[in-house]
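# Fold and geometry: a report
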Amino acid sequence: MIFGHGDDAFNYGSRVRMNFSSNLPGFADLTGLKVHLAARLDVIGSYPEPEATALEAMLASELGVPQNTVMVTAGATEAIYLIAQLYRGWASIIPQPTFSEYADACKMHGHIVSYYDNDDMETLPDNRIYWLCNPNNPTGNVMLKALMSHVIREQRNHTFVVDQSYEDYTLKAMLQPREMLDCHNLILIHSMTKKYCIPGLRLGYVTASPVIIDRLRQLRQPWTVNALAIEAGKYLVENHVQVIADKQGYLQEAARLHAELSKIDGLMLMDSSANFMLAYMEKGKAPRLKQWLLEHYGILIRDASNFHGLNSHCFRVSAQKREENDALLAAIREYLKDKF
């Protein structure tokens, strides 16, 4: 389940000096949010709203969609498991490699899971869900918006779950909820956790047709989104907070990191249009590289060998500050030169 994901810095404590294992930048400015929450700590003395209605209204207004098409969740993960529960027993097609929680959630709720890498498509039941991560984790690949919109509209007998958790970390065009209101076979997952770099607060939301949103609400437990998370969400949306001052500059730095890693002998990089990227080592194993980087430089990367379809030669990193990225590049060059 949730173990084995990125950002496992909790396993290493103070040994981690530079964290590339999470897909989030580690330099987000959360000062304003921290000040606001410090002044609103009294909210923990009362129950939160059973449903985060006020925050949903704010999000709906910002997105330009009806409020009954938005449901706030405790991170994207709650949304994934609720959707899998709603469509219990269906066939789920999950192209690989991608975020493992889709398959875990589907298996928990009795889905027939296809990884789209075999010849079982013609034998699957007609009740099908396609799970698409866009930008995709761990590759950073982004699917063409026009093509996705066309396929979703043409295949109305199938349901599409498009997880856009990293939509704020690419310059490529994403599906917009207000443009897809006529698509009752589409569920979009969004992550405020990712957008605002607040993974400890667990905050996301789903946009879909009113019928789907209503059915999802009937499945969820009350009070899954805590009072501090709701308070944070309202503050961030109402004030249009930008926790990364120069998002375009950051993504340009991510592209530079990708280009420099690609130049290193012994590494192959998959194309990425996001702030994170997947690398393949021609020699050596990613778990050993991860351990060496941690021991010698306090650098933590994501061993990607536990993604379905990948192996022990694969690792993932996300761009950080330029000086940290340069330190990573130098350390990997040193490792590959000394060991091979």
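Residues numbered from 1 in each chain as written. Predicted model: local features only at pLDDT ≥ 70, side-chain atom pairs only at ≥ 80, totals over all residues. Heavy atoms only, no water.

L261 and F315 are the most contacted members of the largest nonpolar core, which totals 63 residues. F315 has contacts with L267, M277, L278, A279, M281, A286, L289, I301, R302, A304 and I332, leaving out every residue within four places of it along the chain. One finds Y102, Y115, V161 and A208 within the second-largest nonpolar core, a separate group that totals 29 residues. (Core = buried A, V, L, I, M, F, W, Y, C linked by side-chain atoms within 4.5 Å. Buried < 20%, exposed > 50% of the residue type's maximum accessible area, 1.4 Å probe, protein only. Contact = heavy atoms within 4.5 Å.)

So, on to unusual backbone geometry. With omega at -5°, the peptide bond leading from Q96 into P97 counts as cis. Position of P97 among the secondary structure elements: in the loop between strand 3 (91-93) and helix 4 (101-108). Look at the link from N134 to P135: it is a cis peptide, with omega at 0°. Relative to the assigned elements, P135 resides in the loop between strand 5 (128-133) and helix 5 (145-154). Its identity is not glycine, yet C197 carries a phi of approximately 55°, on the positive side. As for its placement among the helices and strands, C197 is situated in the loop between helix 6 (192-195) and strand 8 (204-207). According to the relative accessible area criterion, C197 is buried, its value standing at 8%. Located in the positive-phi region is H240, a residue other than glycine, with phi close to 50°. (Helix = DSSP H or I, 4+ residues; strand = E, 2+ residues; numbered from the N terminus.)

On to the layout of surface pockets. Reported here for the second largest pocket is a volume of approximately 330 Å³. L63, E167, D168, Q176 and K195 are the residues nearest the centre of the second largest pocket, which is lined by 16 residues in total. For the lining of the second largest pocket, the secondary structure elements donating two or more residues are helix 2 (53-63), strand 7 (186-191) and helix 6. The dominant element in the lining of the second largest pocket, judged by the number of residues it contributes, is helix 2, at 3 residues. Considering only residue class, the lining of the second largest pocket consists of 8 nonpolar, 3 polar and 5 charged. (1 Å grid on protein atoms, 1.4 Å probe; cavity = no way out; pocket = protein on both sides within 12 Å on 5 of 7 lines; lining within 4 Å. Points joined across faces, edges and corners; volume = space filled by probe spheres on them. Nonpolar A, V, L, I, M, F, W, Y, C, P; charged D, E, K, R; others polar.)

None of this, on its own, says anything about what the molecule does.
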